[in-house]
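Spelled out, the chains give:
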Amino acid sequence: MMSVRSLAGACLSAFAALGAFAVPASAQNYPTRTITMIVPFAAGGPTDVISRIVTAHMAQTLGQSIVIENVVGAGGTTATTRAARAANDGYTLVTGHMGTHAASVPLYPKLAYHPEKDFEPVALLAGTPILILARKDFPPKDLKEFVAYVRANADKVNAAHAGIGSVSHASCELLNSILDVKPVGVPFNGTGPAMNALVAGQVDYMCDQIVNAVPQINAGTIKAYAVATAERNPSLPNVPTTAEAGLPAFQAQAWNAIFAPKGTSPAIIATLNAAAIKALDDENVRKRLLELGSVIPAPTHRTPEALATLVKSEIAKWTPVLKPAS
Ligand code: ASP
C-alpha cells in the first residue's frame, strides 16, 4: 500500500508533468478578442503602411481584428517602451524596426527597454532599402552633385528625420559621417509627415525607407538620388544604386518586424508567427509590399529565432556607427 507521503509525491509529480505540457487556457483559445498593434510612428509612414498591409491579412487568419495604434515620440522609443511594459498576453504587440530594436541602443544610454531582453521576436515582415531623397527643386541633379553640394553648403542644408534613433535618423547619420557633414536635423513624428514636408519643399533631404518614397518618386514630387543597396530595386528601376552613382560606402537597408512583450507564451508566438507567414505568402499582400519596394523575407528568415539573430547582429552593426554621433 502506498504511504500518504508517497501518494502525495505521486500526485505532485503528476501535476508537475501536466503543468509541463499543458497550454494555459488563455493561449489555447487565443485570440478571443481584438489585438492592438502599436506602431511607433505617425500614420502614413513605412512602419504604419507595412503594419496595415500585413495585419489586415493576419486578422483574417486569426479571426479577430488587429487595431493599429500610432504612438509617436522619441524616435519610436516611447511606443516601444509602452509595448515592453504591456501585459504579455498576446493582445499588445509592436511593429519595431532597425531603429527601435537596434539603433536606439547606442543612441539612448538610458533606454527603458532592451530589444533583446524585453521582447519575444515574432516575425520579420519586410526588408526596406534606404533611399537618398530630396525636395524636387533641390539644386543637385545626381548623387555626385549632391555630395559636392551638401559638402559646400553644410551649414545651410537640413535633413528631415523621424526622431533620434529612427531609421531615417540613423541611416542619415551614416551618410553624413561618410560625407563628413553635420546638417541641421529637422525631426518629425514619423517619415509620413517628414515626407509631406519634403514634398512641400520645407526641408532639403532625407534618408527614408523605400515604402514611403515610391509613390512620390513616381509622381515626380520628390527627387531620389540613389538606393543604398547592392542591387537596384525593381519598383524603381531608374534609380541607381549608391555604388553606381559614386558613393559605394553608403549601404543601408532597414526592416520592420513584429515583437511581443517578454514572456508571451510560446504557443501565442507560434500562432502569431504562422499568421504573419501566411500573410507574407498571400498573393495580394506580396503584390502590395513589392510595389512599395519592400523585400519579402525568405522562408528561413521568417522564424522568431531568425529575427532574434537579426536584432543581435543589427545592434552589433549600428553601435559602432552611431556611438560617436551620440
Ligand atoms: N520610417 C519610419 C516611419 O515609419 C520612421 C523612421 O524610422 O525613420 O515613419
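Since the model is a prediction, treat every value here as computed from it, not as a measurement.

The rules behind the values
Residues numbered from 1 in each chain as written. Predicted model: local features only at pLDDT ≥ 70, side-chain atom pairs only at ≥ 80, totals over all residues. Heavy atoms only, no water. Near = heavy atom within 4 Å. Polar contact = N/O pair within 3.5 Å; in protein donor to acceptor, adjacent residues only side chain to side chain. Areas by Shrake-Rupley, 256 points an atom, 1.4 Å probe, with all protein chains shown as cover. Helix = DSSP H or I, 4+ residues; strand = E, 2+ residues; numbered from the N terminus. Nonpolar A, V, L, I, M, F, W, Y, C, P; charged D, E, K, R; others polar. pLDDT = per-residue confidence, 0-100. Contact = heavy atoms within 4.5 Å. Salt bridge = Lys/Arg side-chain N within 4 Å of Asp/Glu carboxyl O. Buried < 20%, exposed > 50% of the residue type's maximum accessible area, 1.4 Å probe, protein only. Core = buried A, V, L, I, M, F, W, Y, C linked by side-chain atoms within 4.5 Å. Phe/Tyr/Trp six-rings, centres within 6.5 Å; stacked < 30°, edge-to-face > 60°. Disulfide = S-S within 2.5 Å. Axes fitted to C-alpha atoms, helices over the stretch in contact; angles between N-to-C directions. Parallel < 35°, antiparallel > 145°, perpendicular 65-115°, else oblique.

Draft legend 1. How the structure looks around the site of the ligand. The environment of the ligand is formed by 13 residues, the closest being Thr47, His97, Val167, Ser168 and Gln209. In this structure, Thr47 approaches the ligand through a side-chain N or O atom, which is 2.8 Å from an oxygen atom. Note that an oxygen atom of the ligand is positioned 2.6 Å from one of the side-chain N or O atoms of His97. For the ligand, whose accessible area on its own is 270 Å², the fraction buried by protein is 100%. Elements supplying a minimum of two residues to the shell around the ligand: helix H3 (46-62), helix H7 (167-179) and strand S7 (205-209). By residue class, the composition of the shell around the ligand is 4 nonpolar, 8 polar and 1 charged.

Draft legend 2. Region of the structure containing the confidence of the model for the protein chain. When pLDDT is averaged along the protein chain, the result is 93; 91% of the residues meet or exceed 70. For the stretch residues 1-21, pLDDT sits under 50, and the model shows 2 contacts to residues farther than four places along the chain or on other chains.

Draft legend 3. Region of interest: the environment of Thr77. Mapped onto the elements of the fold, Thr77 is located in helix H4 (residues 77-85). Residues Thr77 and Ser166, spaced 89 residues apart in sequence, show a C-alpha to C-alpha distance of 8.7 Å. Non-local contacts of Thr77, meaning those with residues more than four positions away in its chain, are made with Ser104, Tyr108, Leu111 and Tyr113. Here the side chain of Thr77 touches Ala74 through a polar contact of 2.7 Å, landing on its backbone oxygen.

Draft legend 4. Looking closely at the pattern of salt bridges. Going through the model one piece at a time under the given rule, you end up with 12 salt bridges. The partner of Asp89 in a salt bridge is Arg33, and the shortest N-O contact between them spans 3.4 Å. Taken together, the positions of Asp89 in the loop between H4 and strand S3 (92-97) and Arg33 in the loop between helix H2 (25-28) and strand S1 (35-39) put the pair 56 residues apart, joining distant regions of the chain. The partly exposed category is assigned to Asp89, whose relative accessible area is 27%.

Draft legend 5. Structural view of the environment of Ala83. Inspection of the secondary structure assignment puts Ala83 in helix H4. Accessibility expressed as a relative area gives 1% for Ala83, which makes it buried. Spatially, the C-alpha atoms of Ala83 and Tyr113 are 9.5 Å apart, while their sequence positions differ by 30 residues. In contact with Ala83, not counting residues within four places along its chain, are Ile38, Val94, Phe119 and Pro261.

Draft legend 6. The arrangement of the nonpolar core in detail. Among the nonpolar cores identified, the biggest contains 50 residues, and Ile35, Met58, Leu131, Leu133, Leu272 and Leu289 are the most heavily contacted of them. If one sorts the elements of this core by residue count, helix H10 (residues 266-281) sits on top with 7 residues. When residues no more than four places from it in sequence are discounted, the contact partners of Leu272 are Tyr30, Ile35, Met58, Leu62, Leu93 and Val122. Of all hydrophobic cores here, the second largest spans 49 residues; its members include Val94, Ala103, Leu143 and Val157.

Draft legend 7. Region of interest: the packing of aromatic side chains. Tallied over the full model, the rule gives 7 aromatic pairs. Summarising the aromatic geometry, the rings of Tyr113 and Phe119 are spaced 5.9 Å apart at their centres and angled 85 degrees between planes, so their arrangement reads as edge-to-face. Each of the two residues, Tyr113 as well as Phe119, counts as buried. Through a chain of ring-to-ring contacts, three or more aromatic side chains come together here, namely Phe138, Phe146, Tyr149, Tyr205 and Tyr225.

Draft legend 8. Examining the state of the cysteines more closely. The full count for this structure, using the stated rule, is 1 disulfide. Across the disulfide from Cys172 sits Cys207; the S-S distance is 2.1 Å. Handedness of the Cys172-Cys207 disulfide follows from its S-S torsion of about 75 degrees: it is right-handed. Here Cys172 is found in helix H7, whereas its partner Cys207 is found in strand S7, with 35 residues between them in sequence. Note on Cys207: relative accessible area 0%, which makes it buried.

Draft legend 9. View of the packing of H10 against helix H11 (residues 283-291). At a minimum axis separation of 5 Å, H10 and H11 run at an interaxial angle of 70 degrees. Judged by the inter-axis angle, H10 sits roughly perpendicular to H11. Mapping the contact onto sequence places Ala279, Leu280 and Asp281 in H10 and Glu283, Val285, Arg286 and Leu289 in H11. Across the contact of H10 with H11, the residue classes break down as 4 nonpolar, no polar and 3 charged.

Draft legend 10. A look at helix H5 (residues 99-107). Of all 9 residues that make up H5, 8 are buried, and the element is covered over most of its length. Buried residues of H5: Gly99, Thr100, His101, Ala102, Ala103, Ser104, Pro106 and Leu107, and no others. Of the surrounding elements, those touching the buried residues of H5 are H4, S3, strand S4 (119-135), H7, strand S9 (253-261) and helix H12 (304-322).

Draft legend 11. How the structure looks around helix H8 (residues 191-199). Restricting attention to buried positions, one finds in H8 the residues Thr191, Gly192, Ala194, Met195, Ala197 and Leu198. One or two residues past the end of H8 sits Gly201, with phi positive at roughly 75 degrees.

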